[in-house]
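Chain and residue survey
Here's the letter readout for the chains.
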Amino acid sequence: MIGRHCWEIVHGARAPIDDCPMQQAARTLQRAVTELARDERWFEVVVDPILDADGRFAGAVHTMTDITAHRLAEADRSLLAAAIGASRNEIYLIDAESLRCCYVNRGAAESLGYTTEQLHQLTPLDFVPNFDRSKLTDLMAPLRRAEVPLLTFETRHRRADGTTYPVEVHLQLLRHEGRELFLGVANDITARRRLEDSLRESERFTRATIDALSAHLCVLDAQGVILATNKAWRDFTAANP
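Below: a short report on this structure. Since the model is a prediction, treat every value here as computed from it, not as a measurement.

1. Regarding the pairing of strand E1 (residues 32–38)
- Looking at chain direction, E1 and strand E2 (residues 41–51) are connected through 7 bridges and run antiparallel. Bridge pairing links arginine 38 to arginine 41 in E2.

Dropping the structure here:
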């Protein structure tokens, strides 16, 4: 390698590449840092200038460090952050002491009608009208005492405009670097509630229709055990025990 140029060895080029850190260091007389991809691996390239007695550029120390593992981990974290941010679920990280929202994803901000910056200044008490601090603390206590790994419950969230909607919340406790955080995932169950209401109404209508029949009607299982009857059957059996 002695006597050859760094761009020949590192880049396989006949001349300095664009944004060559060696040329940057020679021009600025300051350390130049860049990252380089080669053969599916990543390297951090650091060029430290060497100055002569008159402060002029006389050469450089050229260091390359393999940072492939770091870049892959960074890519994984970036992918995870993008997936969480894009989730339609509401995702919250809540400081266990102050109850302040440390992180909220885009789904939470859009559902509640706040910006993420605004939500970082809030606690769940600001958008969960069913709870006060005492009730919320009592709810979270089994998680902090490690009695249960996960809490699931239903409540209502209040938007910035004052309207509310039903949610199912999954809550768990995380311990990270000596800090306790609650991870909350909330799902808007408005559609499910509407379906449940519709099914209940349909059941009431069906039962009322069957009860209005003059025919005596009962439903039995395979062993002949009566499971359900209509009003005509009940009136008949009451009159003829």
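2. Points about the pattern of salt bridges
- Tallying each qualifying case throughout the model produces 21 salt bridges.
- Ionic pairing is found between glutamate 74 and arginine 71, a salt bridge with its closest N-O pair at 3.8 Å. In this pair, glutamate 74 and arginine 71 are both assigned in helix H3 (residues 68–86), 3 residues apart and thus about one turn of the helix distant.
- The salt bridge partner of arginine 144 is glutamate 97, with a shortest N-O separation of 2.7 Å.

3. Structural notes on helix H6 (residues 133–144)
- Look at H6: 15 Å from first C-alpha to last across 12 residues, which is about the 16 Å you get at 1.5 Å a residue.
- Among the residues making up H6, those that are buried are Leu136, Met140, Ala141, Pro142 and Leu143.
- As for H6, its buried residues are in contact with strand E6 (151–158), strand E7 (164–176) and strand E8 (179–188).
- Note on H6: the residue one or two positions beyond its end, alanine 146, has a positive phi of about 60 degrees.

4. Overview of the state of the cysteines
- Counting across every chain of the model gives 0 disulfides.
- Considering cysteine sulfurs only, cysteine 20 is the nearest to cysteine 6, which forms no disulfide, with 5.4 Å between them.
- Classification of cysteine 6 as partly exposed rests on a relative accessible area of 22%.

5. A word on the packing of aromatic side chains
- For the coordinates displayed, the defined rule picks out 2 aromatic pairs.
- Measuring from centroid to centroid gives 5.5 Å for tyrosine 92 and phenylalanine 127, while their planes differ by 20 degrees, and the two rings are stacked. Residue tyrosine 92 is located in strand E4 (residues 90–95), and its partner phenylalanine 127 is located in the loop between helix H5 (116–119) and H6; the two are separated by 35 residues in the primary sequence.
- Overall, the relative accessible area of 4% leaves tyrosine 92 in the buried class.
- Where phenylalanine 131 meets phenylalanine 153, the ring centres are 6.0 Å apart and the plane angle is 85 degrees; that geometry is what we call edge-to-face. Separated by 22 residues along the polypeptide, phenylalanine 131 in the loop between H5 and H6 and phenylalanine 153 in strand E6 bring together distant segments of the chain.
- Judged by relative accessible area, phenylalanine 131 falls into the buried class, the value being 15%.
- The exposure class assigned to phenylalanine 153 is buried, which follows from its relative accessible area of 16%.
- Lying over the aromatic face of tryptophan 42, arginine 71 brings its terminal NZ or CZ to 3.6 Å of the ring centre.

About the criteria used
- Residues numbered from 1 in each chain as written.
- Predicted model: local features only at pLDDT ≥ 70, side-chain atom pairs only at ≥ 80, totals over all residues.
- Heavy atoms only, no water.
- Pairing = 2+ DSSP bridges.
- Helix = DSSP H or I, 4+ residues; strand = E, 2+ residues; numbered from the N terminus.
- Salt bridge = Lys/Arg side-chain N within 4 Å of Asp/Glu carboxyl O.
- Expected span 1.5 Å × (residues − 1).
- Buried < 20%, exposed > 50% of the residue type's maximum accessible area, 1.4 Å probe, protein only.
- Contact = heavy atoms within 4.5 Å.
- Disulfide = S-S within 2.5 Å.
- Phe/Tyr/Trp six-rings, centres within 6.5 Å; stacked < 30°, edge-to-face > 60°.
- Lys NZ or Arg CZ within 6 Å of the ring centre and 35° of its normal.

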